[in-house]
Amino acid sequence: MSPRLPLLPALVVAFLLLLGPATAAGSLAAPPPAAPAAVGTGSDNPLAGGTWGVYRGGAEMAWAPYERATGRQRELLGQIANAPKAKWFGDWIPDRDIAARVREYVANAQGGDPDALVQLTVFRMVPWEHEACTRLPTKAEKASYKRWVRSFAGALGDTRAAVVLQPDGPFALCAPRGSTQLSRLVAYATRALAALPRTSVYIEVGSAGWNHLDPQLAVTQLVRAGVRHVRGFHLNTTHYETTARQVRFGARVVEALAARGIAGKHFTVDTAQNGRGFTFEYNRRHHGGRFDNAPTCTSRKQRRCVTLGIPPTWQVADERWGLPDDVRRLAAAHVDGYLWAGRPWLDRQAKPFDLRRALAVARTTPYR
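Reading the values: rules and limits
Residues numbered from 1 in each chain as written. Predicted model: local features only at pLDDT ≥ 70, side-chain atom pairs only at ≥ 80, totals over all residues. Heavy atoms only, no water. Helix = DSSP H or I, 4+ residues; strand = E, 2+ residues; numbered from the N terminus. Phe/Tyr/Trp six-rings, centres within 6.5 Å; stacked < 30°, edge-to-face > 60°. Buried < 20%, exposed > 50% of the residue type's maximum accessible area, 1.4 Å probe, protein only. Lys NZ or Arg CZ within 6 Å of the ring centre and 35° of its normal. Disulfide = S-S within 2.5 Å. Pairing = 2+ DSSP bridges. Axes fitted to C-alpha atoms, helices over the stretch in contact; angles between N-to-C directions. Contact = heavy atoms within 4.5 Å. Core = buried A, V, L, I, M, F, W, Y, C linked by side-chain atoms within 4.5 Å. Salt bridge = Lys/Arg side-chain N within 4 Å of Asp/Glu carboxyl O.

S.K.: Honestly, unusual backbone geometry in this entry has me stumped. Any pointers?
M.R.: Trans peptide bonds make up most of the peptide bonds, and negative phi angles are found at most residues other than glycine. The omega torsion across V126 and P127 is 0°, close enough to zero to call that bond cis. Tracing the backbone through its elements, the reader meets P127 in the loop between strand 2 (118–123) and helix 4 (139–156). Of the consecutive residues K351 and P352, the connecting peptide bond is found in the cis state with omega at -5°. Although it is not a glycine, N236 sits at a positive phi angle of roughly 85°. We note that R348 has phi near 55°; this positive angle belongs to a residue other than glycine. Looking at the element boundaries, R348 is found in the loop between strand 7 (335–339) and helix 10 (355–364).

In structure tokens, the structure reads:
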């Protein structure tokens, strides 16, 4: 589901800028990602405290391979299968089925704990990605989108949830003739989810590099998508850029939003695949091939390759992650959590499960 960076209309600055590769964090020890955290953090962060639920079932493509595995292979796959991840829900789930799928997922992930945080990714827009640059949604597609969103929100109800809304977000600015229809549909979902009592919504806004390191591009997308109604935004879902790069950029977006009269926003960063971070441009120059299936690391000493990043956590400024001091300060002020919505263990980050990639990213991660 990763963006392939098409040539966009004049509305959007060209996405491709030669950016220098970022420095990856060193090898660090981390606790099991699903471990419960102490409640009562003294913060208004809605993701802090309590348990982050883990879905254990067939709807997660990493789960069955993990259950079948033994020995060292099971141990490695457990780093993926047992991590609290944001499962994707999209148009492959019919309107009539989405409510039941959400309820089933929530019940499984919470495991009987109604206060466990459940993470979900909404990827429902049609058309999207490249197709979004060539046509607008039909009347029937718009009606279906709204019907699906209403059912999704109704099933989520009072669940304690974190929702990443519409990965590859910059494609909303790609609509023909500068149309804002896609943004308005995302805003419909934004408002529907914002009305839920315990759901924190983070509108996906691409990555720092995809936004040309220009916070105003992200602000344009976020304002149109209704960011004023929700907790904030999410960065880096299908990209491999470093956490430090995203935190610094995200803080600039928060500042730019405040300058537009939308103050107090927070963000989350995707760390599923950026343990040895690199940019789209670095991949094009040095790796070749498809960005979605960029090469996995072959050893724990290798740099600028795909491997698991910081485990999912709300403890974003912890010294264990090896982040620079300025990044830790910015994270403490603005970042609610490091989430795993990205899926580097899948072929092209979409499907099917790729055992070779899964074992590689689990074996080489610096965060174990």
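S.K.: Help me understand the packing of aromatic side chains in this model?
M.R.: Each aromatic ring pair is specified by the distance between its two centres and by the angle formed by the two planes. Under the definition given, this model contains 15 aromatic pairs. Consider the rings of W148 and F152, whose centres lie 5.5 Å apart with planes at 15°: the pair is stacked. With W148 and F152 both in helix 4 and four residues apart, this pair spans about one turn of that helix. In this pair, the class of W148 matches that of F152, namely buried. When the centroid spacing of 5.1 Å and the interplanar angle of 10° are considered together, the rings of F233 and F267 count as stacked. Here the residue F233 occupies a position in strand 5 (residues 232–235), and F267 occupies one in strand 6 (residues 266–270), the gap between them amounting to 34 residues. The buried category is assigned to F267, whose relative accessible area is 0%. One aromatic cluster in this structure is built from Y55, F89, Y105, W148 and F152. A cation over an aromatic ring shows up here: K87 above the ring of F89, its NZ or CZ 5.2 Å from the ring centre.

S.K.: Sorry if this is basic, but what is going on with the state of the cysteines here?
M.R.: Disulfides are covalent bonds that connect the sulfur atoms of two cysteines. Scanning the entire structure with this criterion turns up two disulfides. A sulfur-sulfur separation of 1.7 Å characterises the disulfide bridge that pairs C133 with C174. The S-S bond linking C133 to C174 shows a torsion near 120°; that makes this disulfide right-handed. Of this pair, C133 sits in the loop between strand 2 and helix 4 while C174 is found in the loop between strand 3 (161–165) and helix 5 (181–194), placing the two residues 41 residues apart along the sequence. A relative accessible area of 21% means that C133 is categorised as partly exposed. Disulfide pairing is shown between C297 and C305; the S-S distance is 1.9 Å. Across the S-S bond linking C297 and C305, the dihedral sits near 90°, which makes this disulfide right-handed. This pair shows no difference in class: C297 is buried, exactly as C305 is. What links to what in the protein chain: the bonded cysteines, counted in sequence order, pair as 1-2, 3-4.

S.K.: Just checking my understanding: could you explain the sheet that holds strand 4 (residues 199–204) for this structure?
M.R.: Note: strands within a sheet are paired through backbone hydrogen bonds, in either parallel or antiparallel orientation. Spatial strand order, 1-2-3-4-5-6-7: seven strands in an open sheet with parallel pairing. The open sheet has two edge strands, strand 1 (87–90) and strand 7, and neither has a second partner. Taken pair by pair, the neighbouring strands of this sheet meet at an average axis angle of 25°, ignoring direction. The pairing of strand 3 with strand 4 spans five bridges and is classified as parallel. Residue pairing in the sheet places A161 in a bridge with T199 of strand 4. Contacting strand 1 and strand 2, helix 3 (residues 98–110) crosses the sheet at an angle of about 150° to strand 2. Running at roughly 105° to strand 7, helix 9 (residues 325–334) makes contact with strand 6 and strand 7 of the sheet.

S.K.: Help me out: how do you make sense of the nonpolar core in this one?
M.R.: Side chains of a nonpolar character, in soluble globular proteins, are inclined to be buried together. Membership of the largest hydrophobic core comes to 82 residues, with the highest contact counts inside it found for L120, F152, L156 and Y338. When sequence neighbours within four positions are dropped, the list of residues in contact with F152 reads F89, I98, V102, L120, V122 and L193. Counting 26 residues, the second largest nonpolar core, distinct from the first, contains L76, A81, Y240 and W340.

S.K.: Please explain the pattern of salt bridges as it appears in this structure.
M.R.: Close approach of charged atoms allows side chains with opposite charge to pair. Inspection of every chain in the model, using the stated rule, returns 15 salt bridges. In this structure, the salt-bridge partner of R147 is D95, at a minimum N-O distance of 3.1 Å. Taken as a pair, R147 in helix 4 and D95 in the loop between strand 1 and helix 3 lie far apart in primary sequence, 52 residues in all. We classify R147 as partly exposed; its relative accessible area is 40%. Residue R231 is joined to D336 by a salt bridge in which the shortest nitrogen-to-oxygen separation is 2.7 Å. Taken together, the residues R231 in the loop between helix 6 (215–224) and strand 5 and D336 in strand 7 connect sequence positions 105 residues apart. Look at D336 and you get buried, because its relative accessible area is 1%. Within the structure, one salt-bridge network assembled from shared partners comprises D44, R231 and D336.

The values reported here are purely geometric and, on their own, carry no functional implication.
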